[in-house]
Every structure is written in C-alpha cells, then in structure tokens.
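Below, each chain spelled out in residue letters.
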Amino acid sequence: MSLQMERLNRGLVAVSTSEGIFITWRLLGQEAKGAGEHGLIGADFYVYRDEERIAKVTDSTNYLDKGGNSNSTYSVAAILDGVEQERSSAVRPLSQQYIEIPLQKPADGVTPTGESYTYSANDMSVGDVDGDGEYEYFVKWDPSNSKDVSQPGYTGNVYLDCYRLDGTLLYRIDLGVNIRAGAHYTQFLVYDFDGDGKAELMFKTAPGTRVICYKDGIAISEAYITMPEEDVEAGYSHADDYRMSSADYYEHVVELFMRWHEHEEVVSGRWPTTLEECFGRSPEYKYPLSREDAVSLTDYFMDVYAPTRSERNKLRCFEGFILQGPEYWSVFRGETGEELATVPYKPGRHDDGLMWGDYSWNRIEPGNRVDRFLAGVAYLDGQRPYAILARGYYTRAAVVAYSWDGRELKEKWFADSGWVTMNNPFADTLHEQDGRSEQHGGLAGQGAHSLSIADVDGDGYQEIVYGAATLDHDGKLLYSSGGILPEGSAAPGRYAKLGHGDALHVAAMDPEREGLQIFMVHEHGIYGPYGWSLRDAATGEVLQGAFATDDVGRGMIGKVEPEVPGLQMWSSESHLAENPSCGLRSVKGELLNLACPGTNMSIKWAADMTTQVIGGTFDNPVTIEDWKRGTMLMAEGTRSNNGTKGNPCLVADLFGDWREELIVRTADSNAIRIYISTEVTDRKLYTLMHDPQYRTGVAWQNVVYNQPCYTSFYMGTDMNWAKVPIPKQQ
C-alpha cells in the first residue's frame, strides 16, 4: 500500500561558516533502499562547486567544503545504482545561518470600544502550492489583542498570508470580524488533499471572510467566500457583524430566560423547570416568564449569583464574543487563494455554551468550551489524506473527517460523544463522565489542547489521538483511557477518566517495545488518577504515571540523556524537588534528575540525534538549548509567540538533511527567519517530511497549544536503522 506524499526537490542550501561552506540536501524517501550501521543506504551523492565535482558523499546528506568561499556555487546529484542522476539547481552560500523571508505586516486597527491594536506573525505552516517541489509559507497574523477563548473583549481580525521563499505575497485571507482572534479559533490545514501535486488550504470561516490577491506587493482583487444558498435566502450577508457588546449579551440572557420553559433539557426533565431552582432560590415567578420577570432574574444572575460563584464572573463586562451566526469550513486553492468549496461547520455551536457546560462551573464562561476547535490531517485509508476537524473536548467532543477530490468535500465519518448530561446547567452536581452516544460517549472530556495523528495499531491506517482517547481510522472509538483514583484524591478507589491536558506527545519512545507510546499531562488534580501518564498507543493502557494534586500544565519528551536507552519524559512541575512524582524520567519510569529541560517546544538540531529545547519568551531572543551542551543557538533579533508558551512560528524539516529548521519572526515581524543547523552529521536519513506521521504532524503543529511532531519510528542516538520504514510512495 503506497501513500500519497509530496514530490520534493533536493532542498539544497549552503551556509558560510567559520570552518568553510556547509552544504546540506535531502535524501528523498523513494531513494532509500535499506539500512546500514549509521544510517540508510540507497542513493549516494556527488557534490559540485562551480560546476566541478569536489566530493562523493556516501554516509550522510551534508558536506563541509573548506575550499569554498562566499562566491562559490554548489549543486548535488544523486547516484542511483551507479548512475548519476540529474543535478540539482545551483545555490550560493548564505552569509548567515538563516534564510530571511520579508513579510507585509497588516495595518494597525481599532476595536469598536476604541482599543488600538497591532499585528505580529504567529503560527505558520508550509505546502508546495505550485508543484515545483519547493515549499511556500503560510503565516497567520495575530492581533495584539487576541484572546484566550475564556477571556472577554474584542479582537482584531485574523489574516492568513501565503508567501514564496523570495517574499512574494501571493494572497491574504481576511477572516473577517466574525472569527475571533486567539489560539483556539483558527487551525489551518495546508496539504495536498486531492493528489494533484499542489497543496490546498482549509480552515474555519464565516460571513465576511474574503480573499485579497496581490501582484508586485499591491492588492489587485478581492472576493468574499461563497455563502451557502440557504444562508443567503435566510438573510445572512457578508456585512453582518455578530460580535456581542455587553448590552447584546444582557439581552441574549433575557431572551434565554424567557424561553426557559421550552428548552429541550427542561422539557425532557433533565434540568429544573424553574430558574429559581437552578439558582437555589424559592419559587417566585410564573412560567413562561414575562420580559419583566426575565429581566429581574437576569439582574440577579449577573449581579448576585454569578459573582457569588467566583469573583471573576463579571458578566456585565462580557463582550467581543461571537455566539451567533453561520460558521463554515472552506477549501482554498493553495496557489491563488481561490475559494473552492464552503460547507457549514460540523457540528454547529448549538448554543452559547450552556449545554457544553460553560455555565456549570464556578467560573461562568459563556462561549468558552463551545468554541474549542482542533484540526488535523490523517491517512484514514492508508493512501490519501483526509481533513479532520473537531469541536469540544472538556465535555461533548465531536470529530468529522472529510475527503477533498478537487471538486467537493465529502464526509467520511462523524464521531460525536453526544451531550454530557447535567442535572443543573448553572451548578452541575451530577458530573457524568461520558456523553450520551452509545458508540462514542467515552470520547467526552478526554481531549487535549491539541491532537495527534498516528498509526497506533500498526494496520497501515492512521488514527486520531484525541488526548486521552483515540478514534480508529474508521471513526469508531478505539479506546478511552482512565484509572482508579488513589489516596489523596477526591474519591479514592473510584474509576475516573484521565481527562483533559495541555500537552500531548505521540512517538516511538521505547526502542525495546513495539509500537508507539503517548505521553500526556493532565489538569484534573485531585479529581484525576494521574498528573502525567505514559500509555501504550495501541490499547490506551497506562504504562507509567504519577498522581498530582494540581494541574500539571506542560510536558515534553525527547532524547536529552544520550546514554539512557529510549526517549526521556518530563513535566512543567519537575523542578520541584519536594514533588517525587516529577523530574526527568526514563521511558521505564526511572527518575534521572529532579531538574528538567524546558517545555516550550523541542527541535531535532544536533548531529548526534539528541533532542534540543527551544527557549525565549516575551521580549527575549529565541534560543536552542541542549541539556548537556548549553546554548547551541542564540537567534538575536527574533521573538517567540504566545507569551510564556514561547512558541516559534514553526519547527519542521524544510531544507537539507533530516535536521529540523527553526522558523521564527523578527522582533518587528517584518520578516521570518529559517535557521539551519550547520553541525556536520554522519547520520543518513531521508527527509522527515516523507514520514507520514511527521508530515501530518507539521500540518497540525499550529493547532492551539503548539506541540512538536514525531516520526513513526524510534529516533535517537541509539536507534536501530533496520527498523526505519522505507516509504512506498505513489
């Protein structure tokens, strides 16, 4: 069975260093034929300087030319079965360790309340939009007032740009006022879905989303997406603005209360028949409520009941959220930005979060859990990529898979946990764990702030690792993981799901064990069985884990101890010596060190296949840190994204050998820089972009809390090259 994968060029790049000219290039997946002692065998390479052959390289895909200079030109040619193949295009050495792509920053803006905001480059993705074997670069522009989905307030518009490597802006997509700015709202997929050799772009849209095309840096045309005919007939238009003011939200609650008697959960008997009972008050009003009585109850709810639950419940100040209006999923031609298809987003929001549990916790947060989106790409049939999009993970969770054949989006399957039953939407004490779906109920409450795509059961088809639960390639629930609550928890001896978490990693972590493992941190504290867990990816069985009384916010895996077999794992609380559950651990659970590396993002940067960690937050330069060697790169003049999370724009194998490149923005966001490792390696491996788990990981890396992507095989200093799969491509 062969996979539809990208047809890439040689990816040759040369860099001037203090020791000479470093040259690096790709080994393509189809050029690998087997395994040797220190890498794969198959194609060897001739290196040319100024049209003269200077070396034959057999043990790697890089070379240090001590005789070259900044005016030299370099090219390489593969040798297959003793025959020299076509030579690559020639390149000149970079004068620095990075490629810089100039950007066109959007203009500043002002919100309806008079707040000014600016823009900075944020998440990125890549795809070959014109079929020439070279990547184009997609940049999401984040306004300075972007919000976490739990935070009220207006935001600026979100923009998505597509650039060529030389900085040519092909088009900009303005998502419009009806898509809020923030990490949870816009997950964009760049991939060749229809197999024509050119990538498409997919993401969530709304009325007001428009494509602006450019030529020579000047906007030459613009066009709105095509709204479904039924929405046009219903009176929706691209001029609509669904952002709620505080007065709009107040009126929204009044109307909700006036319709309380006909709410589906009230009619079914699951919820109290009166709002007074919901709020713990004696009966006072007659139902259906008059407007006067609904106003009285709204005042009580906002000014008395909500603040009593939490001092953070300031519902009179609630504004900027989008709780009404159409939502879409759109496909765009990667090369031109032309909209190709738009369908209603599935599932729809249904309400403002009431049935999603947004009012049932002490912190009342309308529009929060209902607007948690995830997306990814998966080879569900073992051959072609499908778009995966999802909504919800704290309570109800719903996931849909689409194919794109170049003409239409076709739904392959839909997995929905169903509603998680509450006995009171304003103060739930029932705490049901599963949704109402008999088949998918176990998916509820198990999602993370990201997802992962991997063939967890080894059948040649990729699954969706949805946090602490996994969906099989056919959309059925493969498993939902949990455990017994220990001493010190809220209910010792009771079964509980592993639940939500902020960091998720799926990789071949243990070279002595078949298959993949899942490392995840969890935030349930005393209500969950583990603060972190290591699971078998095929079955969901917990292999290692530790209970934690508080939210374990971040976690990471990697090869930071070269002499310890397998990958290591650690969490954000690991520096606390008094917490025996934390610390740097081996894949077998052995405590190696009470101190730990950082947890922002990892990168495969070093020559010896160890893992490095990316550092730098807020106004500090981005760095690459090695657990043993210290700082390996100080990217002066650059900045990371998302505050304390310190995310780069992207980490991916974009050029040269199997090492990953670091893609970050300059401090002023007038450019992005692609940093390239110049450490000579003798490890020979095909481009990671030809491993399907890694390549789909690059596609979902921009999803919410950015996480590293991993290969489908064990990768580290102690790897067994014979176990590296040889790609079979179409």
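Residues numbered from 1 in each chain as written. Predicted model: local features only at pLDDT ≥ 70, side-chain atom pairs only at ≥ 80, totals over all residues. Heavy atoms only, no water.

1. Some thoughts on the overall build of the protein
- For the protein, the helix and strand inventory stands at six helices and 48 strands.
- Here the protein has a C-alpha radius of gyration of 26 Å; the compact-globule value for 730 residues is 27 Å, and the two agree.
- Principal axes of the C-alpha set define a box for the protein whose edges measure 90 × 65 × 45 Å.
- A sequence separation of at least 24 residues applies to 60% of the contacts in the protein between residues at least 6 apart.
- Of the roughly 26300 Å² of accessible surface on the protein, a fraction of 46% belongs to carbon and sulfur atoms.
- Charge-centre separation for the protein: the mean point of 65 positive side chains lies 1 Å from the mean point of 107 negative side chains. (Helix = DSSP H or I, 4+ residues; strand = E, 2+ residues; numbered from the N terminus. Rg over C-alpha atoms; globule rule 2.2 N^0.38 Å. Contact = heavy atoms within 4.5 Å. Areas by Shrake-Rupley, 256 points an atom, 1.4 Å probe, with all protein chains shown as cover. Lys, Arg positive; Asp, Glu negative; His and termini not counted. Charge placed at Lys NZ, Arg CZ, Asp CG, Glu CD.)

2. Here's the deal with the sheet that holds strand E29 (residues 469-471)
- Pairing is antiparallel in the open sheet, where four strands are placed in the order E27-E28-E29-E30. Unpaired on one side and paired on the other, strand E27 (452-454) and strand E30 (477-480) mark the two borders of the sheet. Averaged over all pairs of adjacent strands, the angle between strand axes in this sheet comes to 20 degrees, irrespective of strand direction.
- The pairing of E27 with strand E28 (residues 463-466) spans three bridges and is antiparallel. (Pairing = 2+ DSSP bridges. Axes fitted to C-alpha atoms, helices over the stretch in contact; angles between N-to-C directions.)

3. Some thoughts on unusual backbone geometry
- Residue Tyr287 is joined to Pro288 through a cis peptide bond whose omega torsion reads 0 degrees.
- The linkage connecting Lys346 with the following residue, Pro347, adopts the cis geometry, with an omega of 0 degrees.
- Mapped onto the secondary structure, Pro347 falls in the loop between strand E22 (339-344) and strand E23 (373-378).
- The residue Asp81 is not glycine, and still its phi comes out positive at about 55 degrees.
- Within the secondary structure, Asp81 sits in the loop between strand E8 (74-80) and strand E9 (83-87).
- Its identity is not glycine, yet Phe618 carries a phi of approximately 55 degrees, on the positive side.

4. A few points about the side chain of Arg309
- Examined against the element boundaries, Arg309 turns out to sit in helix H5 (residues 291-309).
- Within the buried set, Arg309 has no salt-bridge partner at all; the shortest N-O distance to an opposite charge, 9.2 Å, is to Asp428.
- Polar contacts involving the side chain of Arg309 include one to the main-chain carbonyl oxygen of Trp361, which spans 3.3 Å.
- Other than its neighbours up to four places away in sequence, Arg309 contacts Ser360, Trp361, Asn362, Phe426 and Ala427. (Buried < 20%, exposed > 50% of the residue type's maximum accessible area, 1.4 Å probe, protein only. Salt bridge = Lys/Arg side-chain N within 4 Å of Asp/Glu carboxyl O. Polar contact = N/O pair within 3.5 Å; in protein donor to acceptor, adjacent residues only side chain to side chain.)

5. Examining the pattern of salt bridges
- One pass over the structure, following the stated rule, counts 45 salt bridges.
- Note that Glu251 is salt-bridged to Arg291, the shortest N-O span being 2.7 Å. Residue Glu251 is found in helix H2 (residues 246-258), and its partner Arg291 is found in helix H5; the two are separated by 40 residues along the sequence.
- Given a relative accessible area of 41%, Arg291 falls into the partly exposed group.

6. Here we look at the pairing of strand E18 (residues 200-205)
- With six of six residues buried, E18 is to be regarded as a mostly interior element.
- For strand E17 (residues 189-191) and E18, the ladder comprises three bridges, and the chain directions are antiparallel. In the strand pairing of E18, Val190 is matched with Leu201.
- Sheet topology note: the E18/strand E21 (residues 328-333) ladder contains six bridges and is antiparallel. Bridged to Glu200 within E21 is Arg333.

7. Comments concerning H5
- Here H5 spans 25 Å end to end across 19 residues, near enough to the 27 Å set by a 1.5 Å rise per residue.
- At Phe301, H5 is deflected by roughly 40 degrees, the largest bend along its length.
- For H5, every residue scored as buried is listed here: Ala294, Leu297, Thr298, Phe301, Met302, Tyr305, Ala306 and Arg309.
- Where H5 is buried, its residues touch H2 and helix H4 (275-278). (Expected span 1.5 Å × (residues − 1). Bend = angle between axes of the 7 residues up to and from the residue.)

8. Here we look at the nonpolar core
- Core analysis: the biggest nonpolar cluster contains 121 residues, and Tyr137, Ile464, Tyr466, Met509, Leu654 and Leu685 have the highest contact counts within it.
- Met509 has contacts with Gln517, Phe519, Leu534, Ile557, Gly566, Leu567, Gln568, Met569, Val587 and Tyr714, leaving out every residue within four places of it along the chain.
- In terms of nonpolar packing, the next biggest core, distinct from the first, is built from 36 residues, Phe257, Trp271, Cys278 and Leu289 among them. (Core = buried A, V, L, I, M, F, W, Y, C linked by side-chain atoms within 4.5 Å.)

9. Here we look at the environment of Asn641
- By the secondary structure assignment, Asn641 is in the loop between strand E45 (638-639) and strand E46 (650-652).
- Residue classification places Asn641 among the buried positions, given a relative accessible area of 2%.
- For the pair Asn641 and Ser237, spaced 404 residues apart in sequence, the C-alpha to C-alpha distance is 34 Å.
- Among the polar contacts listed, one links the side chain of Asn641 to the side chain of Arg665, at a separation of 2.7 Å.

10. Overview of the UniProt feature "domain: Rhamnogalacturonan I lyase beta-sheet" (unreviewed entry) in the protein
- Those places that UniProt annotates as "domain: Rhamnogalacturonan I lyase beta-sheet" (unreviewed entry) correspond, in this numbering, to residues 4-93.
- In residues 4-93, helix accounts for 0% and strand for 50%; the two terminal C-alpha atoms are 33 Å from one another. (UniProt positions renumbered as here; feature names shortened; annotations may be inferred.)

11. As for the UniProt feature "domain: Rhamnogalacturonan lyase family 11 C-terminal" (unreviewed entry) in the protein
- The sites that carry the UniProt feature "domain: Rhamnogalacturonan lyase family 11 C-terminal" (unreviewed entry) are, in the present numbering, residues 98-210 and 316-724.
- The span residues 98-210 is 0% helical and 42% strand by assignment, and the distance between its end C-alpha atoms comes to 33 Å.

12. Here we look at the confidence of the model for the protein
- Scored by pLDDT, the protein has a mean of 96; 98% of the residues are at 70 or more.
- Contacts for the low-pLDDT stretch residues 574-578, under 50 throughout, to residues beyond four places or in other chains number seven contacts. (pLDDT = per-residue confidence, 0-100.)

13. With respect to the packing of aromatic side chains
- As enumerated under the stated definition, the model contains 29 aromatic pairs in all.
- Ring centres of Phe279 and Phe301 lie 5.6 Å apart, and the angle between their planes is 20 degrees; on these two criteria the pair is classed as stacked. Taken as a pair, Phe279 in the loop between H4 and H5 and Phe301 in helix H5 lie far apart in primary sequence, 22 residues in all. Of the two residues, Phe279 and Phe301, both sit in the buried class.
- Taking the centre distance of 5.3 Å and the plane angle of 50 degrees together, the rings of Tyr393 and Tyr394 count as tilted.
- When its relative accessible area of 0% is taken as the criterion, Tyr393 is described as buried.
- Through successive ring pairs, a cluster of aromatic residues spans Phe257, Trp260, Trp271, Phe279, Tyr300, Phe301, Tyr305, Tyr359 and Phe426.
- Taking the ring centre of Tyr394 as reference, the NZ or CZ of Arg369 above it sits at 5.5 Å.
- The ring of Trp658 carries Arg659 above its face, with NZ or CZ at 5.5 Å from the centroid. (Phe/Tyr/Trp six-rings, centres within 6.5 Å; stacked < 30°, edge-to-face > 60°. Lys NZ or Arg CZ within 6 Å of the ring centre and 35° of its normal.)

14. Focus on the packing of H2 against H5
- It is the contact of H2 with H5, at a shortest axis distance of 9 Å, that shows an interaxial angle of 120 degrees. As far as their axial angle goes, H5 and H2 are oblique. Handedness of the H2/H5 crossing: right-handed. Residues Tyr249, Tyr250, Glu251, Val253, Val254, Phe257 and Met258 of H2 touch H5, and the partners they reach there are Arg291, Ala294, Val295, Leu297, Thr298, Asp299, Phe301 and Met302.
- For the contact of H2 with H5, the per-class residue count stands at eleven nonpolar, one polar and three charged. (Parallel < 35°, antiparallel > 145°, perpendicular 65-115°, else oblique. Left-handed = near helix turned anticlockwise from the far one by under 90°. Nonpolar A, V, L, I, M, F, W, Y, C, P; charged D, E, K, R; others polar.)

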